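Observations on chain architecture
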Amino acid sequence: MTDLSARLALLDGHLARFRSGGIVNLIGGQDVPGSGGWFETRSPVDESLICQVSRSTVADVDAAAQAARAAFPAWAAMDGAKRKALLHRIADGIEARAEEIALCECWDTGQAWRFMSKAALRGAENFRYFADQAPGARDGQSLQAPGQLNITSRHPIGPVGVITPWNTPFMLSTWKIAPALAAGCTVVHKPAEFSPLTARLLAEICREAGLPDGVLNLVNGFGEDAGRALTEHPAIKAIAFVGESRTGSLIMKQGAETLKRVHFELGGKNPVIVFEDADLERALDAVIFMIYSLNGERCTSSSRLLVQDSIAAKFQAMLVERVNRIKVGHPLDPATEMGPLIHREHFDKVMSYVGIGKAEGATCAAGGERVGDRGWFVRPTLFTEARPEMRIAQEEVFGPFLTALRFKDEAEALAMANGVDYGLTGYLWTADLARALRFTEALEAGMIWVNSENVRHLPTPFGGVKASGIGRDGGDWSFDFYMETKNRAFALGSHAIQRLGA
Ligand code: NAD
């Protein structure tokens with residue numbers, strides 16, 4: 001048996017129960033079908049039906065929010081050390097089922113095994129990291145004033161809604177759910193309709209680990225009904241959302257009536273800037289990795305290459321050669337570097353940008369075509385000779401689509417880098433330390449890597465500026481979102497109080 005056929009056989013075994021029973025919600029510890037009927041989830045590999053999925057309505061979301069509300073007082077009051085132990089048990093459960101999670105994720109999303117096998121384990125790491133922070137999450141400061149002692153402390157905000165996208169759904173869900181649970185919040189999770197499998201696995205793992213009923217609830221369904229109902233529900237105190245910028249703006253409107261706190265991780269059009277003094281071999285590896293790994297369906301992808309004029313021809317020639325050799329294939333094949341795009345809708349969007357780039361007068365230097373006639377495979381695509389005002393240099397494509405622009409000097413590079421609506425990440429390649437410090441100071445982005453691809457360190461802040469988001473995750477920043485800070489002021493003596501009406 002080849003690696004691929006062995007993995008397909010294993011996957012088949014894992015999917016059997018979903019094929020017969022569909023994917024149902026998990027509310028208050030119970031498996032319950034949604035009251036809105038079912039929708040289908042299909043694999044982007046061959047468009048075959050994976051299974052039916054519960055379509056949740058306002059009533060289902062209400063039941064989940066009520067379950068989260070009922071479970072909140074006991075969960076919030078639980079000793080931090082106990083929460084820590086429970087979250088570590090969840091991490092154990094994720095590790096034990098990492099292969100099943102990775103297989104399902106590949107089949108459901110089209111992401112290649114080489115990345116998804118690690119993404120499952122990163123989910124476990126997220127739980128372990130925030131588990132260890134749980135006992136200290138409430139700690140605050142003691143602030144001295146004349147005649148007064150102030151004590152601050154943090155308290156979980158209440159039941160929260162987590163709404164996630166389809167690109168790396170398991171890892172992203174854990175990135176939100178783990179800190180929420182560690183903070184003492186209860187959760188209602190609405191995963192993306194295109195990729196529901198692993199959210200169900202996570203909910204099951206949490207239940208099996210002994211998470212009390214109602215602490216994590218799962219509602220499947222579409223954004224415009226289930227997602228919307230969650231953002232409008234009065235029992236839900238905050239919404240942690242990862243997805244498109246325009247959906248973020250809808251959620252802000254929907255949540256206005258109930259004064260929702262929101263945390264948004266949105267889109268990007270991230271620049272990678274390569275100066276002539278950079279280590280070009282390493283820069284090349286990073287440029288390719290940061291746009292063509294994860295099928296380019298990655299918020300932090302460097303989708304704009306800004307390369308200095310003096311090295312542009314050479315660098316682009318190196319790039320074309322490597323891009324044309326990227327292996328597109330079955331996501332479960334260990335040799336595959338790029339799988340199919342998530343869905344026909346997304347495939348059409350990505351392909352439409354090939355037409356847009358050509359019409360705008362840029363050069364399609366690699367890719368730009370579909371691969372095969374089944375599944376949503378595309379060739380990794382590179383456009384060169386683009387100009388900053390072109391749509392392919394301004395809009396998020398969210399696929400394996402790189403737009404290359406040339407710059408003369410530092411000032412022009414900076415203007416180009418900042419000349420978009422987004423500001424999630426930036427990547428800079430140069431050997432000049434003073435330039436790196438100057439440039440990164442002025443670059444409009446929430447996260448910047450110098451002479452490196454995106455390497456995450458969990459205690460550091462994650463998030464974007466401009467249309468790329470509001471708020472930060474990671475380290476203690478996560479707790480600032482999921483918790484309220486309270487200040488208590490104690491008089492230390494008998495200070496004079498103004499005596500009105502005395
Ligand atoms: P999307 O905005 O279409 O959907 C995301 C989620 O929101 C889904 O669960 C969807 O059902 C739900 N939703 C849609 N409309 C809603 C509404 N009106 N109310 C409530 N919920 C609603 O995004 P997508 O296409 O699934 O994901 C791709 C996008 O996500 C890209 O823009 C990408 O950059 C972004 N993303 C950002 C980050 C980050 O950390 N900044 C990470 C991953 C993905």
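Preceding this section is the structure that the text describes.
Residues numbered from 1 in each chain as written. Predicted model: local features only at pLDDT ≥ 70, side-chain atom pairs only at ≥ 80, totals over all residues. Heavy atoms only, no water.

**Digging into unusual backbone geometry**
Unusually for a residue other than glycine, Glu47 sits at a positive phi of about 65°. Along the chain, Glu47 turns up in the loop between strand E3 (38-42) and strand E4 (49-54). Residues other than glycine seldom take positive phi values, yet Phe398 does so here, at roughly 65°. (Helix = DSSP H or I, 4+ residues; strand = E, 2+ residues; numbered from the N terminus.)

**Things to note about the site of the ligand**
Within the structure, the ligand sits among 29 residues, and Lys190, Glu193, Thr247, Leu266 and Glu396 are positioned closest to it. At 2.8 Å from an oxygen atom of the ligand is found a main-chain nitrogen or oxygen belonging to Thr164. A distance of 2.6 Å separates an oxygen atom of the ligand from a polar atom in the side chain of Glu396. Computed on the free molecule, the ligand has an accessible area of 850 Å², of which 92% lies beneath the protein chains in the complex. Structurally, the ligand is housed in the largest pocket. Residue assignment for the shell around the ligand shows that the elements contributing at least two residues are helix H8 (223-232), strand E10 (238-242) and helix H9 (245-256). Broken down by element, the shell around the ligand gets its largest block of residues, 4 residues, from H9. Of the residues that constitute the shell around the ligand, the class distribution is 15 nonpolar, 8 polar and 6 charged. (Near = heavy atom within 4 Å. Polar contact = N/O pair within 3.5 Å; in protein donor to acceptor, adjacent residues only side chain to side chain. Areas by Shrake-Rupley, 256 points an atom, 1.4 Å probe, with all protein chains shown as cover. 1 Å grid on protein atoms, 1.4 Å probe; cavity = no way out; pocket = protein on both sides within 12 Å on 5 of 7 lines; lining within 4 Å. Sits in = over half its atoms within 2 Å of the grid points. Nonpolar A, V, L, I, M, F, W, Y, C, P; charged D, E, K, R; others polar.)

**Quick word on the packing of helix H4 (residues 98-109) against helix H6 (residues 169-183)**
Between H4 and H6, whose axes approach to 9 Å, the crossing angle comes to 115°. For the pair formed by H4 and H6, the contact residues are Ile101, Glu105 and Thr109 on the first element and Pro169, Phe170 and Met171 on the second. In the contact of H4 with H6, the residues fall into 4 nonpolar, 1 polar and 1 charged. (Axes fitted to C-alpha atoms, helices over the stretch in contact; angles between N-to-C directions. Contact = heavy atoms within 4.5 Å.)

**Observations regarding the sheet that holds strand E22 (residues 483-491)**
Here 3 strands make up an open sheet; going across it, the order is E5-E6-E22 and the pairing antiparallel. Because the sheet does not close on itself, it has two edges, and the strands there are strand E5 (142-145) and E22. The sheet shows a mean angle of 25° between the axes of neighbouring strands, taken without regard to direction. Judged from the 4 bridges that link them, E5 and strand E6 (residues 148-156) form a sheet pairing that is antiparallel. Bridged to Ala145 within E6 is Gln148. Docked against the sheet, helix H16 (residues 475-482) engages E6 and E22, running at close to 85° with respect to E6. (Pairing = 2+ DSSP bridges.)

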